[in-house]
Amino acid sequence: MTLQPTFQIEMLNFHYGATQALHNVSIDIMPREITALIGPSGCGKSTFLRCLNRMNDTIPDTEISGRIRLEGRDIYAPDADTTELRQRVGLVFQRPNPFPQSIFDNVAFGPRVLGTVSGRNLQELVEDSLRGAALWDEVATTLTSPALSLSLGQQQRLCIARLLAVKPDVILMDEPCSALDPIATTKVEELMRQLKEQYTIVVVTHSMQQAARVSDKTGFFWLGELVEFDETNTIFTRPTVQRTEEYITGRFG
Amino acid sequence: MNPEDGTRVMTTTTRKSTHRKPLEILLEALVRVAGYSAVVFVALIFIFLMREALPTFNEISISELFSRRWYPIEDYFGTLPLLTGSLVITLGAALIAVPFGLMTAVYISEIAPRWLREFLKPLVEVLGGIPSVVLGFLGILVLAPLVREILHIPTGLTAFTGAVLLAGMAIPTIVSVAEDALDTVPKSYRDAALALGATRWQTIWRITVPAARSGVLTATMLGIGRAIGETMTVMMVTGNAPQIASGLSAIFMPLRTMTATIAAEMGEVANGSVHYHALFYIGLALFLISLTVNLTASAVLFRARRRSERLLS
Ligand SMILES: Nc1ncnc2c1ncn2[C@@H]1O[C@H](COP(=O)(O)OP(=O)(O)OP(=O)(O)O)[C@@H](O)[C@H]1O
Ligand SMILES: [Mg+2]
């Protein structure tokens with residue numbers, strides 16, 4: 001039996017005004033896997049990621065064509081609900097961006113907005129989410145202190161916890177470790193491997209090592225095109241396209 | 001620390017300061033004079049007010065000062081109706097201006113399309129610059145008759161009319177300051193909320209506005225401050241009857257404020273008379289009230305700012 005892909009992307013094109021940022025990108029993203037996206041700066045990785053939860057909708061003067069299906073349903077269909085989509089497909093930003101509120105309130109934001117849980121259940125959900133993001137042990141006694149007083153690495157894990165609290169299916173990460181030191185990076189990478197058990201993860205990274213360490217599949221973007229997409233092992237040991245090899249071995253990019 | 005290092009640092013700084021001396025010293029002196037003069041002016045105003053107002057306490061008993069009848073020609077100097085008049089009008093204006101102003105600010109900064117925002121922002125600034133006499137004039141000609149006809153009351157020159165006009169004056173201040181504050185909220189907060197599946201409204205009310213709260217508070221205070229100190233508009237449209245506000249219906253009756261009393265009577269009063277001192281006493285009271293409001297506001301703001309600085313450091 002073959003697994004149904006979580007995301008099926010066909011012939012995706014994306015324009016910022018007159019500049020085209022994505023050219024005919026087609027890719028299947030499989031459930032419970034980590035898909036890494038690599039490529040030089042400005043090649044459209046973030047743009048691609050933002051297409052998956054429609055965060056590009058907030059940028060004026062953009063145009064998208066092609067099709068993106070999440071579990072078979074077109075997320076750009078006229079009757080598609082963007083808020084529901086974004087609850088299912090969460091995004092971790094490059095720079096940690098907790099709200100200027102307490103740690104608890106940060107994690108509770110999503111559930112409160114959804115209005116699904118309250119009181120005792122909310123507390124449990126917050127605790128579970130913080131545990132899920134491997135942060136609980138560090139903040140259990142300081143839940144009411146401001147989120148911005150945490151270290152950057154903790155802030156990033158708090159952002160992940162905040163996202164887990166809305167119970168998404170997919171987690172998108174845009175260079176989640178680029179603002180973090182090596183130890184914090186290791187923690188987030190460990191966390192990604194744990195999260196893979198329950199979530200589908202797509203991660204943009206500039207670190208070849210990170211892609212090699214954590215991902216199952218790797219896609220190489222270049223000038224808005226998906227040049228090559230395969231098992232991470234294959235990409236890093238015997239890439240079929242020469243440009244991929246050049247990028248991975250550091251000859252350009 | 002090496003003592004030699006210390007001396008070397010000292011010599012370089014002295015050399016530097018001798019180098020730029022003449023202009024530096026002149027500029028510093030100018031800035032210093034400007035800074036001190038602000039304090040000196042406030043102190044002088046206060047001293048002058050005190051000098052002219054203090055005799056009141058010998059000439060009029062405290063209980064008389066707080067009695068309910070202001071009728072200086074017959075030597076009634078009860079300032080209570082004026083105090084309540086100011087209070088009713090300021091509160092009324094704040095009740096109208098704060099919600100309305102904040103909602104307008106939110107609309108301009110968060111909801112309006114870009115071209116409309118570029119149009120509305122300068123428009124608000126222009127509205128803020130309309131002289132209060134002009135607003136008072138509009139009040140007499142347009143708003144007062146309207147109020148009278150709609151509510152079927154004998155005169156349209158009421159506390160309500162004054163409050164509405166004062167709100168109209170405070171709103172541009174509130175909108176422009178609050179809008180600036182909302183504008184400085186980082187986009188990353190909004191993006192984070194939207195990416196979690198919050199709607200635009202939830203993002204605005206739960207994240208953006210609270211993140212801008214110290215600026216929003218400043219906006220409110222500045223707006224109310226403008227309303228408290230306003231004289232002309234109020235004098236023109238509130239009917240100027242020094243009556244005590246009693247009950248809700250008082251809102252639709254004429255009344256008179258402290259500022260309007262001073263403006264209306266100061267021109268005719270004999271220098272050094274009891275009445276003259278009483279007017280200065282009212283001025284002193286106004287001064288103290290607005291000082292208190294401002295000090296409270298800046299204390300609150302200072303605390304809020306220190307808290308956010310602690311967080312961001
Ligand atoms: N908001 C925007 N408005 C206009 N053009 C944009 C915008 N965001 C990105 N672009 C353009 O789209 C192209 C792709 O940008 P994108 O941010 O997706 O690249 P990236 O691969 O994520 O780069 P990096 O590795 O530096 O993050 C670039 O040429 C960029 O200039
Ligand atoms: Mg990027």
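What counts and what doesn't
Residues numbered from 1 in each chain as written. Chains lettered and ligands numbered in written order. Predicted model: local features only at pLDDT ≥ 70, side-chain atom pairs only at ≥ 80, totals over all residues. Heavy atoms only, no water. Helix = DSSP H or I, 4+ residues; strand = E, 2+ residues; numbered from the N terminus. Rg over C-alpha atoms; globule rule 2.2 N^0.38 Å. Buried < 20%, exposed > 50% of the residue type's maximum accessible area, 1.4 Å probe, protein only. Domains from an automatic or database assignment. Buried area = accessible area lost by both parts, 1.4 Å probe. Polar contact = N/O pair within 3.5 Å; in protein donor to acceptor, adjacent residues only side chain to side chain. Patch = residues over 30% accessible without salt bridge, like charges linked within 9 Å, V, L, I, M, F, W, Y side chains within 5 Å. Areas by Shrake-Rupley, 256 points an atom, 1.4 Å probe, with all protein chains shown as cover. Salt bridge = Lys/Arg side-chain N within 4 Å of Asp/Glu carboxyl O. Pairing = 2+ DSSP bridges. Contact = heavy atoms within 4.5 Å. Axes fitted to C-alpha atoms, helices over the stretch in contact; angles between N-to-C directions. Lys, Arg positive; Asp, Glu negative; His and termini not counted. Near = heavy atom within 4 Å.

Draft legend 1. Geometry of the overall build of chain B. Counting its regular elements, chain B contains 14 helices and two strands. Relative to its length of 313 residues, chain B is extended, with a C-alpha radius of gyration of 25 Å against a globular reference of 20 Å. Principal-axis analysis of the C-alpha atoms gives chain B an extent of 80 × 55 × 30 Å. Looking at chain B as a whole, 38% of its 313 residues qualify as buried.

Draft legend 2. Fine view of the domain arrangement of chain B. All names here are of chain B. Domain annotation of chain B identifies domain 1 (3-53) and domain 2 (58-312). Using only C-alpha atoms to locate each centre, domain 1 and domain 2 end up separated by 37 Å. Across the domain 1/domain 2 interface, buried area totals approximately 720 Å², and carbon plus sulfur atoms make up 82% of it. For domain 1, the biggest contributors to the area lost against domain 2 are Leu49, Glu52 and Ala53; these three give 65% of the whole. On inspection of domain 1 and its partner domain 2, the count reaches one residue pair in polar contact (both at pLDDT 80 or more).

Draft legend 3. Region of interest: a nonpolar patch on the surface. Residue and element names in this part refer to chain B. Residues Leu54, Phe57, Ile62, Phe66, Leu83 and Ile289 make up a contiguous nonpolar surface patch of roughly 490 Å² in combined accessible area. Looking at the element boundaries, Ile289 is found in helix H14 (residues 274-312). Owing to a relative accessible area of 34%, Ile289 belongs among the partly exposed residues under this scheme.

Draft legend 4. Spatial organisation of the sheet that holds strand E5 (residues 73-74) of chain A. All names here are of chain A. With antiparallel pairing, four strands are arranged side by side in an open sheet as E2-E1-E4-E5. Looking at strand neighbours, the two that pair on one side only are strand E2 (19-29) and E5, the edges of this open sheet. Across eight bridges, strand E1 (residues 7-16) lies against strand E4 (residues 62-70) in antiparallel orientation. Across the sheet, Glu10 pairs through a bridge with Arg67, a residue of E4. Seen against the sheet, helix H1 (residues 45-52) touches E1, E2 and E4 and runs at an angle of roughly 120 degrees to E1.

Draft legend 5. Summary view of the interface of chain B and chain A. Of the residues lining the interface, 19 residues belong to chain B; the matching set on chain A comes to 24 residues. Counting the contacts that link chain B with chain A gives zero salt bridges. Between chain B and chain A we count four residue pairs in polar contact (both at pLDDT 80 or more) in total. The set of elements that each furnish at least two residues to the side of chain B that touches chain A consists of helix H9 (187-195), helix H10 (200-211) and H14 of chain B. Ranked by residues supplied to the side of chain B that touches chain A, first place goes to H9(B) with eight residues.

Draft legend 6. Examining the side chain of Arg162(A) more closely. Inspection of the secondary structure puts Arg162(A) in helix H6 (residues 152-164). The buried charged residue Arg162(A) lacks any salt bridge partner; its closest oppositely charged side chain belongs to Asp191(B), at an N-O distance of 10 Å. Of the polar contacts made by the side chain of Arg162(A), one reaches the side chain of Asn106(A); its length is 3.3 Å. Leave out the neighbours within four places in its chain, and Arg162(A) touches Asn97(A), Pro98(A), Phe99(A), Asn106(A), Val107(A), Ala192(B) and Leu196(B).

Draft legend 7. Main features of the site of ligand 1. All names here are of chain A. In the vicinity of ligand 1 there are 13 residues, among which Ser41, Lys45, Ser46, Thr47 and His206 approach most closely. In this structure, an oxygen atom belonging to ligand 1 sits 2.6 Å away from a side-chain N or O atom of Ser46. Within the contact set of ligand 1, an oxygen atom lies 2.6 Å away from a side-chain nitrogen or oxygen of His206. Contact with the protein chains removes 60% of the 620 Å² of surface that ligand 1 exposes when unbound. In terms of residue count, H1 provides more of the shell around ligand 1 than any other element does, four residues in total.

Draft legend 8. Main features of the sheet that holds strand E6 (residues 89-92) of chain A. Residues and elements named next belong to chain A. Read across the sheet, six strands follow the order E6-E7-E8-E3-E9-E10 without closing on themselves; strand pairing throughout is mixed. Strands with a single pairing partner mark the edges of an open sheet, and in this sheet they are E6 and strand E10 (225-231). Taken pair by pair, the neighbouring strands of this sheet meet at an average axis angle of 15 degrees, ignoring direction. Inspection of the sheet shows strand E3 (residues 34-38) paired to strand E9 (residues 217-222) by four bridges, in the parallel sense. Looking across to E9, one finds that Ala36 is bridged to Thr218.

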